[in-house]
Every structure is written in C-alpha cells, then in structure tokens.
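Descriptive analysis of the structure
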Amino acid sequence: MFGKKKSLMVLLIAFSLLLVACGNGEDASGAEYNWRLAHEESPDGVQDVYANEFAKRLKEKSDGRINLEIFTFGQIGNPADQVEMLQAGEIDFAIMSPGFTGTIVPEANIFALHFLFTDDIKLNQEILNTSEALNGMLTDKYKENDLYPLSYWTEGAMMWTSNKPLNSVEDFKGFRMRTQDSPLITASYEAYGAAPTPMDWGELYTGLQQGQVDGQENPVFFIDDEGFYEVQDYLTLSKHNMYITTTSTNPEFFEGLPEDIQEIVLETIEEMKAEVYGIQDELNEKGLQNIQETDTEIVELTEEEREAFREAAMPVRDFYVENYGGAEILELLEQEIEEAQQ
Ligand code: 6CS
C-alpha cells in the first residue's frame with residue numbers, strides 16, 4: 001500500500017515539475033519552427049548576407065529546430081507588400097526599411113531627416129543599438145501597427161548618383177530625384193527645391209536609363225550591385241543620411257513563442273548588431289572600388305558644401321515634429337546622438 005502511495009507521489013511531483021516547466025513558457029516539446037523572412041534586396045546584398053547569417057545562427061543555437069526560409073526582393077512581392085504580409089502574419093520576419101512604413105507609422109519618418117546622425121557609421125550603429133528613443137519609444141509606435149522592430153541597423157551612408165553635378169542646393173532645382181515612397185523623404189528633397197519622384201527600385205535602372213528620373217540615393221554597395229552607375233555620370237559622396245533598416249517580426253507571432261525560443265531569437269539579434277557594421281563596411285568598400293574602375297566621376301563634397309545642405313535640411317525637422325508627431329522621440333534621439341559624440 002505504502003509502495004503504491006510513494007509511486008503516486010513520485011508521479012505527481014514529476015507531473016507538477018512538467019507543469020512548472022510549461023508554465024515558464026519553456027518549450028519542452030522539442031518542436032520544430034519553420035519561419036519565413038523576406039528582405040528587400042538581391043542575393044548577396046547587405047540584407048541577404050545579414051539574413052543568411054541570422055538564419056545560420058538560429059539553426060545552430062536551436063540544434064537545428066529553427067529553420068528560416070529567406071525570400072529575396074521580388075520573390076514574394078516588393079518591400080511595401082512585405083510590410084503588409086508581416087502585419088498580417090503571412091511572413092514571420094522581415095528586413096523592413098522605414099522608407100516603406102512612412103504612411104503606417106508617422107513617427108518612423110524620423111529616419112528620413114538628413115544630417116541627423118554623425119558622419120561616423122560605427123558610432124551611429126552604436127546609437128541605433130542602444131537608443132531608448134528608437135528601441136523604446138519608436139518601437140512602441142510600430143507595435144501599435146502590428147510591426148515589431150527587434151533591431152535598427154544601418155547599411156551605410158547614402159550617396160547621390162546623377163547625370164549632372166550635385167554640389168549645391170541650387171543644383172537640385174527641378175531635379176527629379178528617385179526616392180522610396182515615403183512622405184518625409186520626398187519633403188526632404190523638396191526642401192532643396194528638387195522634384196522627388198517615388199519609384200520602386202526594381203524599375204529604377206530603366207527609369208534612370210530612359211530619363212524618367214535624373215538621379216537616386218543609396219549606399220554604394222547597392223549602386224554597384226544594381227549597376228545604377230552604368231546609367232549615371234556622377235557619384236557624389238554626399239553622406240547626407242544613413243540607410244537605416246530594421247529586423248522586424250510580427251508582435252503577436254513573437255509573443256506567442258515559448259520563452260526559450262524567444263530568447264534564442266533575441267540573443268541572435270544582439271549578436272547580429274555587432275556583425276552588421278562589418279558586413280556593410282566590407283560590401284560598401286568593395287562597391288566603391290568597383291565603381292572607381294569605371295568612368296563614373298566620383299565627387300567628394302567639401303565641408304562647406306555639406307554645411308549648405310545641412311542648413312537647407314534643418315527646417316524639415318520642424319516639419320516632422322508638426323506633421324508626424326515625433327517631438328519627444330526626436331528630442332531624445334538628438335540628445336542621445338549628442339551624448340554619444342562626447
Ligand atoms: O532604394 C531602395 O528602395 C532599396 N535600397 C536599399 C539599400 N535596400 C532596399 C531598398 O528597397
């Protein structure tokens with residue numbers, strides 16, 4: 001009789017331990033996770049290298065239980081479609097650039113502001129990694145719209161390509177600058193007197209070739225990868241802004257995952273913050289070397305020339321505050337940038 005009671009007791013203890021484990025949100029089942037990530041670039045671009053490394057690390061850390069299928073640009077839609085798919089939970093992760101969320105999350109237009117960050121890309125990445133204005137306040141705004149940026153990161157400084165020199169604000173008068181379809185990006189070029197023209201980047205090579213647009217902005221690796229320099233005469237090293245993107249998930253999907261699986265994702269996201277500076281640096285450097293070997297003229301702006309653009313861009317900050325409601329976010333981010341420089 002006593003033996004039976006004892007066995008029952010052992011069973012009960014084992015059962016309650018199992019309940020505690022499940023209650024902790026730990027995944028005791030050894031289940032497999034097959035997730036989908038979409039990004040906005042061609043194979044071997046910065047986003048693709050990032051995505052493959054992210055997938056590799058998730059697989060290793062989970063002993064092969066997490067499989068991330070990667071979709072490159074165009075495989076399941078354009079970047080704007082990918083945002084909608086993430087909101088609807090049709091994909092689980094996306095490398096999603098704020099230029100495609102400008103009409104969904106007004107405050108995220110902050111990344112369109114020219115000359116907001118420093119000229120030091122490594123320092124800027126550190127600011128992106130730790131900023132409370134972004135990782136706290138802005139992320140909350142995204143979450144209200146069914147999007148959850150797990151990290152903000154940069155693909156490097158953006159430069160201009162054109163068929164005429166772009167050394168002064170006056171040079172931009174009437175210039176048809178291709179931009180992503182985002183209201184503050186276009187406002188930023190209107191501040192220079194340009195005629196910004198939103199266009200999907202998949203149509204950009206032909207658009208430049210056929211003269212529908214006069215120029216475009218992008219990091220050098222992308223200008224090289226997509227061959228835009230072939231149909232443009234000048235590459236101006238303007239560094240007027242950084243290309244910023246995010247690794248994002250769907251909040252409902254992510255919060256529904258067992259805690260240990262969430263931990264694996266977050267740990268990998270942290271590791272990738274340290275990796276990404278090197279990825280973009282190498283590819284941008286290689287891109288510049290390639291373009292240097294072509295007959296595209298590479299123009300360095302002087303500090304005075306950049307200063308004139310900076311001045312012309314400043315009123316756009318007030319425009320952002322008045323129209324996109326990000327006053328507190330901008331104030332805190334400016335403070336964080338200031339502190340990081342000291
Ligand atoms: O200009 C664009 O639209 C594209 N540029 C980069 C660097 N990545 C993806 C984005 O769609």
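Fair warning: this is a prediction, and the values are worked out from it, not measured in the lab.

Rules used in this analysis
Residues numbered from 1 in each chain as written. Predicted model: local features only at pLDDT ≥ 70, side-chain atom pairs only at ≥ 80, totals over all residues. Heavy atoms only, no water. Helix = DSSP H or I, 4+ residues; strand = E, 2+ residues; numbered from the N terminus. Expected span 1.5 Å × (residues − 1). Bend = angle between axes of the 7 residues up to and from the residue. Pairing = 2+ DSSP bridges. Core = buried A, V, L, I, M, F, W, Y, C linked by side-chain atoms within 4.5 Å. Buried < 20%, exposed > 50% of the residue type's maximum accessible area, 1.4 Å probe, protein only. Contact = heavy atoms within 4.5 Å. Near = heavy atom within 4 Å. Polar contact = N/O pair within 3.5 Å; in protein donor to acceptor, adjacent residues only side chain to side chain. Areas by Shrake-Rupley, 256 points an atom, 1.4 Å probe, with all protein chains shown as cover. Nonpolar A, V, L, I, M, F, W, Y, C, P; charged D, E, K, R; others polar. pLDDT = per-residue confidence, 0-100.

**Brief notes about helix H10 (residues 259–292)**
Along its 34 residues, H10 runs 49 Å from first to last C-alpha, staying within 8% of the 50 Å computed at 1.5 Å per residue. Taken as a whole, H10 carries its principal kink of about 40° at Glu275.

**Things to note about the sheet that holds strand E7 (residues 197–198)**
A sheet is described by the order of its strands in space; here 6 strands give the open sequence E7-E6-E8-E5-E9-E11, paired in mixed fashion. If you trace the sheet from one side to the other, it starts and ends with E7 and strand E11 (297–300), each paired once. Bridge count for strand E9 (residues 234–237) against E11 is 4 bridges, and the pairing is parallel. Bridge pairing in E11 links Leu237 to Glu300.

**Observations regarding the nonpolar core**
The biggest cluster of nonpolar side chains holds 102 residues, and the ones touching the most others in it are Trp35, Phe54, Ile110, Phe172 and Tyr192. In terms of residue count, H10 provides more of this core than any other element does, 10 residues in total. Apart from residues lying up to four places away in sequence, Phe172 is in contact with Trp160, Leu166, Met177, Tyr189, Tyr192, Gly193, Ala194 and Phe309.

**What to know about the site of the ligand**
Every residue lining the ligand is accounted for by Glu40, Glu41, Pro79, Phe100, Glu155, Arg178, Gln180, Trp201, Asn218, Pro219, Phe222 and Tyr243. Within the side chain of Glu41, an N or O atom sits 2.7 Å from a nitrogen atom of the ligand. Within the side chain of Gln180, a nitrogen or oxygen atom sits 3.2 Å from an oxygen atom of the ligand. Protein contact buries 99% of the 300 Å² of open area that the ligand shows by itself. When the residues that make up the shell around the ligand are grouped by side-chain class, the tally is 6 nonpolar, 2 polar and 4 charged.

**Some thoughts on the confidence of the model for the protein chain**
For the protein chain, the average pLDDT comes to 94, and 92% of its residues sit at 70 or higher. Predicted confidence is poor over residues 8–24, with pLDDT under 50, and the contacts of this stretch with residues over four places away or in other chains come to 2 contacts.

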